[in-house]
Amino acid sequence: MDAYLMGLAAGIAAGVIIVAIVKLRAVKLMSVAEKAEYLSKRRARMLPALAVIFLSQQAAFLSTLGSREQTSAYAAKVSAWLVLSIVILAALATKGFWLEPKAVRDLIDDENTRANRNDAMRWGFLFSMAAAIAVYALTLFNVQMSARDAVHIVLTIGIPAALIRWGVLERRAYRDA
Amino acid sequence: MSGARTGMPERLASRLKERRTELGLTQAELAERVGVTRKTVNTVENGVFTPSATLAIKLAQALGLSVEQLFWIER
């Protein structure tokens, strides 16, 4: 099987396993409000951790930056990273918690959460644009970079910026509770 | 906003916590009444988050006050 497909499959499989673990561990017999509170607090803790995981995956990319030698293992890692990027972006752009009941999802995405999420998206956009400008400026100084490398760098900066900002705002919101 | 025109800082103050405590409600109970999470009630109480008009009205109704009695602009 093609290494890129293997990477995609590995990324999707990892996602399915994570969802299965989360569902199995989900605390039962909770009211909608209690469950929303539980999940919201867990999200506040998870967001910075997710940013770290996302950034740590960049080792595969950074180790081959500038070199044309790309092994099958590298292709698989990059594909898995692409899946994670798409999942995180989808979580940032939507209410997330796709497998939870609608009532819980609506409550988790209440007014304050939407404001925090919008602010995080704004940060993600600004950091992405700053990264894009920096990459563009580098090419003016004859730094060789493929379009894929450039996009990778922009995503590497933009997505964690949004995750960290959202995490900070969510944790701040729970302070003095 | 007049604050923006005059350059004076403005913030939305409230007696949300005071009134909630008077009624013997927890943040979670108030949050459930108005259909938000406890986090949102907490941020409004702490002045971290400025609620929308809709949420301000819901909070005032849940606490038996008018919006003007519950919230005011502090300069």
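These figures come from a predicted structure and were not determined experimentally. (Residues numbered from 1 in each chain as written. Chains lettered and ligands numbered in written order. Predicted model: local features only at pLDDT ≥ 70, side-chain atom pairs only at ≥ 80, totals over all residues.)

So, the interface of chain B and chain A
Okay, step 1: Across the boundary between the two partners, chain B contributes 17 residues, which contact 15 residues of chain A.
Okay, step 2: Looking at the side of chain B that touches chain A, the elements that each hand over two or more residues are helix H3 (27-34) and helix H4 (38-45) of chain B.
Okay, step 3: Here the side of chain B that touches chain A takes 5 residues from H4 of chain B, the largest share from any one element. (Contact = placed C-beta atoms within 7 Å. Helix = DSSP H or I, 4+ residues; strand = E, 2+ residues; numbered from the N terminus.)

Let's talk about helix H2 (residues 32-56) of chain A
Okay, step 1: For H2 of chain A, spanning 25 residues, the distance from its first C-alpha to its last is 35 Å, which sits close to the expected 36 Å at 1.5 Å a residue.
Okay, step 2: The principal kink in H2 of chain A, of about 35°, is found at Met-46 of chain A, preceding the proline Pro-48 of chain A by one to four residues. (Expected span 1.5 Å × (residues − 1). Bend = angle between axes of the 7 residues up to and from the residue.)

Remarks on the nonpolar core
Okay, step 1: Of all hydrophobic cores here, the largest spans 16 residues; its most connected members are Leu-47, Leu-50, Ala-51, Ile-159, Ala-162, Leu-163 and Trp-166 of chain A.
Okay, step 2: Breaking this core down by element, the ones donating at least two residues are H2, helix H6 (111-140) and helix H7 (147-174) of chain A.
Okay, step 3: Element by element, the count of residues in this core is highest for H7 of chain A, at 9 residues.
Okay, step 4: For Ala-51 of chain A, the contacting residues outside a window of four places in its chain are Pro-160, Leu-163 and Ile-164 of chain A.
Okay, step 5: One finds Leu-30, Ala-31, Phe-49 and Leu-70 of chain B within the second-largest nonpolar core, a separate group that totals 15 residues. (Core = buried A, V, L, I, M, F, W, Y, C linked by C-beta atoms within 7 Å. Buried ≥ 20, exposed ≤ 12 C-beta atoms within 10 Å, placed from the backbone.)

Concerning the environment of Phe-125 of chain A
All names here are of chain A.
Okay, step 1: Position of Phe-125 among the secondary structure elements: in helix H6.
Okay, step 2: Classification of Phe-125 as partly exposed rests on a count of 13 C-beta atoms within 10 Å.
Okay, step 3: A sequence separation of 37 residues divides Phe-125 from Ala-162, and the C-alpha atoms of the two residues are 8.0 Å apart.

Notes on the confidence of the model for chain B
All names here are of chain B.
Okay, step 1: Considering every residue of chain B, the mean pLDDT works out to 90; 91% of them sit at 70 or more.
Okay, step 2: The least confident element of chain B is helix H1 (residues 2-6), whose mean pLDDT is 51; the most confident is helix H5 (residues 53-62), at 96.
Okay, step 3: Interface predicted TM-score (ipTM) for the complex: 0.82; the corresponding pTM is 0.80. (pLDDT = per-residue confidence, 0-100.)

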